[in-house]
Amino acid sequence: MEGNTFWQALALVLVIEGLLPFLSPGGWRRMFEQILALGDGQIRFFGLCSIVIGLVLLAVLA
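Predicted model only: the values in this text are computed from it and were never measured.

The rules behind these values
Residues numbered from 1 in each chain as written. Predicted model: local features only at pLDDT ≥ 70, side-chain atom pairs only at ≥ 80, totals over all residues. Heavy atoms only, no water. Helix = DSSP H or I, 4+ residues; strand = E, 2+ residues; numbered from the N terminus. Rg over C-alpha atoms; globule rule 2.2 N^0.38 Å. Buried < 20%, exposed > 50% of the residue type's maximum accessible area, 1.4 Å probe, protein only. Phe/Tyr/Trp six-rings, centres within 6.5 Å; stacked < 30°, edge-to-face > 60°. Axes fitted to C-alpha atoms, helices over the stretch in contact; angles between N-to-C directions. Parallel < 35°, antiparallel > 145°, perpendicular 65-115°, else oblique. Contact = heavy atoms within 4.5 Å. Nonpolar A, V, L, I, M, F, W, Y, C, P; charged D, E, K, R; others polar. Patch = residues over 30% accessible without salt bridge, like charges linked within 9 Å, V, L, I, M, F, W, Y side chains within 5 Å. Areas by Shrake-Rupley, 256 points an atom, 1.4 Å probe, with all protein chains shown as cover. Salt bridge = Lys/Arg side-chain N within 4 Å of Asp/Glu carboxyl O.

> Tell me about the overall build of the chain, and name the residues and values.
When you go through the chain residue by residue, the secondary structure sums to three helices and zero strands. Going from the N terminus to the C terminus, the chain shows its helices and strands as α-α-α. The C-alpha atoms of the chain give 15 Å as radius of gyration, which overshoots the globular expectation for 62 residues (11 Å, by more than 25%). Taking the principal axes of the C-alpha coordinates as reference, the chain spans close to 40 × 30 × 15 Å. Residues classed as buried in the chain amount to 2% of the 62 residues present.

In C-alpha cells, the structure reads:
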C-alpha cells in the first residue's frame, strides 16, 4: 500500500465523520447523548462490529 493512500483514506474518514454534525447538529447531539447512555459492553460491541465490517470491506476491495 502506498503511503499516500493511507492519508487519503484518513481524509475521507474525516469528511464522512464531519457530515452529520455539519448537516444536522441537533440530531448529532441527540445521537451522541444516546451513545453516552450505553454501557461499556454495548459500546465495545459496536466498536468490534465496526472493526470486523471494516476488515471485511478491506479484504473484499483489496
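Read on, since the account is not over.
> Break down the packing of aromatic side chains for me, with residues and values.
The description of an aromatic ring pair uses the distance of the two centres, along with the angle that the planes make with each other. This model, assessed by the stated rule, comprises three aromatic pairs. Arranged with centres 5.9 Å apart and planes meeting at 65 degrees, the rings of Phe 45 and Phe 46 form a pair that is edge-to-face.

> An account of the packing of helix α1 (residues 3–23) against helix α2 (residues 25–37) is needed here, citing residue identities and associated values.
Between α1 and α2, whose axes approach to 5 Å, the crossing angle comes to 110 degrees. The angle between the axes of α1 and α2 places the two elements in the roughly perpendicular class. Across the interface between the two elements, Leu 20, Pro 21, Phe 22 and Leu 23 of α1 pack against Pro 25, Trp 28 and Met 31 of α2. Split by residue class, the contact of α1 with α2 holds seven nonpolar, no polar and no charged.

> Which residues make up the environment of Arg 30, and what are the values?
Along the chain, Arg 30 falls in helix α2. Sequence spacing of Arg 30 and Gly 3 is 27 residues, and the spatial spacing of their C-alpha atoms is 37 Å.

> Hey, could you go over a nonpolar patch on the surface for me, with residue numbers and the actual values?
A grouping of Leu 20, Trp 28, Met 31, Phe 32, Ile 35, Leu 36 and Ile 43 is seen on the molecular surface, where their side chains present a nonpolar patch of about 620 Å² in accessible area. Residue contributions to the nonpolar patch peak at five residues, all from α2. By the secondary structure assignment, Ile 35 is in helix α2. The class for Ile 35 is partly exposed, based on a relative accessible area of 37%.

By themselves, these figures tell us nothing about what the structure is for.
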